[in-house]
Amino acid sequence: MNIVLSFIVAAVVSGTPLLFGTAGEILTEKAGNLNLGVEGLMYMGGAFGLAGAFIYEQNVGDAANGFVAVILAIVCAFLAGCVGSLIYSFITITLKANQNVTGLALTMFGTGVGQFVGEYLRIKANGYVALSNNIKGYFAGSPFPKFLQDLPVIGRLLFSYNIFVYLGVVMAIVMAVVLNKTRTGLQLRAVGENPSTADSAGIEVEKYKYIATVVGGGISAVGGMVYIMTTAACVWNHTGLDGIGWLSVALVIFCLWKPGNTLWGSVLFGALTILYLYLHLNFIPTPIYKIFPYIVTVIVLILVSSRQRREDQPPAALGLPYFREER
């Protein structure tokens with residue numbers, strides 16, 4: 001029982017960065033923009049999020065407040081993702097450039113920027129970038145009182161996670177409600193499905209595309225910060241985020257472009273990424289374990305395509321530039 005509980009808890013924690021990365025990309029794609037630069041955005045979010053908390057602690061010293069450090073990390077990561085997504089948006093929405101190529105360029109750009117910031121921090125810290133144990137506790141510890149965490153079984157399953165798990169759950173639920181139950185969400189989805197019709201109905205297509213892409217990129221970048229601050233224990237690692245962004249893109253397909261599905265999809269993907277630590281079979285090499293999420297995504301994609309249900313398909317205008325004069 002302890003092993004099973006440990007595995008479930010670890011899967012939730014491991015899947016939380018994917019939850020943010022995937023939810024952000026879903027918001028972007030709902031507006032018709034296919035941003036393959038999630039990997040770069042998460043690198044930027046991880047580097048700038050750590051930088052915000054690290055520089056704050058270095059300047060304040062022992063008086064540093066953990067709650068303030070968490071807020072700064074979130075804000076810095078979100079703004080970094082917004083800036084990266086704004087560049088992508090200008091190139092693809094205003095200049096009508098190819099979204100696939102621009103997204104791949106953003107991956108390389110964002111990864112480079114993240115590596116640069118991480119290296120700058122390393123030099124500034126004389127070789128080692130990490131937060132103090134006191135500040136780390138605010139990122140890794142549970143926001144609930146200890147008596148709740150100590151409850152048999154329920155305590156570990158519901159109250160033992162870091163604060164980002166609960167923020168991620170709230171974020172996914174709010175996004176699902178906004179997209180499916182509000183006028184703004186309806187108009188946003190209309191832009192992703194048929195921008196010319198939406199434009200004819202008086203909806204500002206470019207405005208919705210910009211907002212969804214920039215905000216979605218900021219949310220994805222927060223996922224990179226969550227990974228660095230939790231899984232990587234607040235220590236910068238130049239290769240630590242490799243592949244996380246691509247997993248998030250794959251999870252978008254797995255979740256059928258529905259924010260609500262990210263709540264269980266991220267846990268499943270998180271479980272698959274750490275499965276080799278709990279179920280190690282000698283005849284299966286570790287790299288094979290690490291491609292399990294992609295294999296599952298391909299299987300789901302085949303099943304969904306064979307069913308041919310419209311509600312399980314991507315937005316109809318996904319990846320296509322909108323030329324108003326052609327409507």
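Now for a look at the structure at hand.

Definitions and limits used
- Residues numbered from 1 in each chain as written.
- Predicted model: local features only at pLDDT ≥ 70, side-chain atom pairs only at ≥ 80, totals over all residues.
- Heavy atoms only, no water.
- Helix = DSSP H or I, 4+ residues; strand = E, 2+ residues; numbered from the N terminus.
- Rg over C-alpha atoms; globule rule 2.2 N^0.38 Å.
- Buried < 20%, exposed > 50% of the residue type's maximum accessible area, 1.4 Å probe, protein only.
- Contact = heavy atoms within 4.5 Å.
- Areas by Shrake-Rupley, 256 points an atom, 1.4 Å probe, with all protein chains shown as cover.
- Lys, Arg positive; Asp, Glu negative; His and termini not counted.
- Charge placed at Lys NZ, Arg CZ, Asp CG, Glu CD.
- Axes fitted to C-alpha atoms, helices over the stretch in contact; angles between N-to-C directions.
- Parallel < 35°, antiparallel > 145°, perpendicular 65-115°, else oblique.
- Left-handed = near helix turned anticlockwise from the far one by under 90°.
- Nonpolar A, V, L, I, M, F, W, Y, C, P; charged D, E, K, R; others polar.
- 1 Å grid on protein atoms, 1.4 Å probe; cavity = no way out; pocket = protein on both sides within 12 Å on 5 of 7 lines; lining within 4 Å.
- Points joined across faces, edges and corners; volume = space filled by probe spheres on them.
- Salt bridge = Lys/Arg side-chain N within 4 Å of Asp/Glu carboxyl O.
- Phe/Tyr/Trp six-rings, centres within 6.5 Å; stacked < 30°, edge-to-face > 60°.
- Lys NZ or Arg CZ within 6 Å of the ring centre and 35° of its normal.
- Core = buried A, V, L, I, M, F, W, Y, C linked by side-chain atoms within 4.5 Å.

1. Some words on the overall build of the chain
Here is step 1: When helices and strands are tallied, the chain shows 15 helices and 0 strands.
Here is step 2: A compact globule built from 327 residues would reach a C-alpha radius of gyration of about 20 Å, and the chain, at 20 Å, matches this within 12%.
Here is step 3: Taken over the C-alpha atoms alone, the chain extends approximately 60 × 45 × 40 Å along its principal axes.
Here is step 4: Expressed as a percentage of its 327 residues, the buried residues of the chain come to 51%.
Here is step 5: Looking at the chain alone, contacts between residues at least 24 apart form 76% of all its contacts between residues at least 6 apart.
Here is step 6: Surface summary for the chain: the accessible area is close to 15100 Å², and the carbon and sulfur share equals 68%.
Here is step 7: Computed over 19 positive and 16 negative side-chain charges, the inter-centroid distance for the chain is 6 Å.

2. A few points about the environment of F78
Here is step 1: Tracing the chain through its elements places F78 in helix 3 (residues 66-94).
Here is step 2: For F78, a relative accessible area of 28% gives the class partly exposed.
Here is step 3: Sequence separation between F78 and G224 is 146 residues, and the spatial gap between their C-alpha atoms is 9.8 Å.
Here is step 4: Leaving out residues up to four positions away in the same chain, F78 has contacts with V215, G218, I219 and V222.

3. Side note on the packing of helix 2 (residues 38-60) against helix 12 (residues 244-254)
Here is step 1: Contact pair helix 2 / helix 12: the axes reach a minimum separation of 7 Å and the direction vectors enclose 130°. As the angle between them shows, helix 2 and helix 12 are arranged oblique. Helix 2 and helix 12 meet at a crossing whose hand is right-handed. Residues V38, E39 and M42 of helix 2 touch helix 12, and the partners they reach there are I244, G245, W246, S248 and V249.
Here is step 2: Looking at the contact of helix 2 with helix 12, its residues break down into 5 nonpolar, 2 polar and 1 charged.

4. Details of the layout of surface pockets
Here is step 1: Its volume calculated, the largest pocket comes out at about 460 Å³.
Here is step 2: If you go around the largest pocket, you meet 19 residues; those closest to its centre are S14, Y227, I244, L247 and T273.
Here is step 3: Of all elements in the fold, only helix 1 (2-30), helix 11 (205-231), helix 12 and helix 13 (262-278) reach the threshold of two or more residues within the lining of the largest pocket.
Here is step 4: Taken together, the residues of the lining of the largest pocket break down into 10 nonpolar, 7 polar and 2 charged.

5. Things to note about the pattern of salt bridges
Here is step 1: Considering all chains together, one arrives at 4 salt bridges under this definition.
Here is step 2: One salt bridge in this structure joins E206 and K96, with 3.5 Å as the shortest N-O distance. Here E206 is found in helix 11, whereas its partner K96 is found in the loop between helix 3 and helix 4 (99-124), with 110 residues between them in sequence.
Here is step 3: Among the residues examined, E206 registers a relative accessible area of 37% and is labelled partly exposed.
Here is step 4: Across the pair K207 and E204 runs a salt bridge, and its minimum N-O distance is 3.8 Å.
Here is step 5: What makes K207 partly exposed here is its relative accessible area of 45%.

6. What to know about the packing of aromatic side chains
Here is step 1: One pass over the structure, following the stated rule, counts 9 aromatic pairs.
Here is step 2: Judged by centre distance (5.0 Å) and plane angle (80°), the rings of F144 and Y166 are edge-to-face. A residue pair is termed long-range when its members are at least 10 positions apart, and F144 in the loop between helix 5 (133-140) and helix 6 (146-149) and Y166 in helix 8 (residues 163-181) qualify at 22 residues.
Here is step 3: By relative accessible area, F144 is classed as partly exposed at 29%.
Here is step 4: Taken together, the ring pairs connect F144, F159, Y161 and Y166 into an aromatic cluster.
Here is step 5: One cation-aromatic arrangement involves K96 over F323; the distance from NZ or CZ to the ring centre is 5.8 Å.

7. A few points about the nonpolar core
Here is step 1: Core analysis: the biggest nonpolar cluster contains 70 residues, and L131, F139, M225, I228 and M229 have the highest contact counts within it.
Here is step 2: In contact with F139, not counting residues within four places along its chain, are A53, A69, V70, A73, L131, N162, F164, M229, T230 and C234.

8. A word on empty space enclosed by the protein
Here is step 1: Tallying each qualifying case throughout the model produces 1 cavity of 30 Å³ or more.
Here is step 2: Roughly 70 Å³ of internal volume is contained in the largest cavity.
Here is step 3: Lining the largest cavity we find N33, T92, I93, K96, Q99, V205, E206, K209, L320, P321 and Y322.
Here is step 4: Those elements giving two or more residues to the lining of the largest cavity turn out to be helix 3 and helix 11.
Here is step 5: Sort the elements by how many residues they give to the lining of the largest cavity and helix 11 lands first, with 3 residues.
Here is step 6: Taken together, the residues that form the lining of the largest cavity break down as 5 nonpolar, 3 polar and 3 charged.

9. Considering the packing of helix 2 against helix 11
Here is step 1: At a minimum axis distance of 6 Å, the contact between helix 2 and helix 11 shows a crossing angle of 60°. The pairing of helix 2 with helix 11 is recorded here as oblique in orientation. Seen from above, helix 2 lies across helix 11 with right-handed handedness. In contact with V38, L41, M42, G45, G46, G49, L50 and A53 of helix 2, helix 11 contributes G217, S220, A221, G223, G224, M225, I228 and M229.

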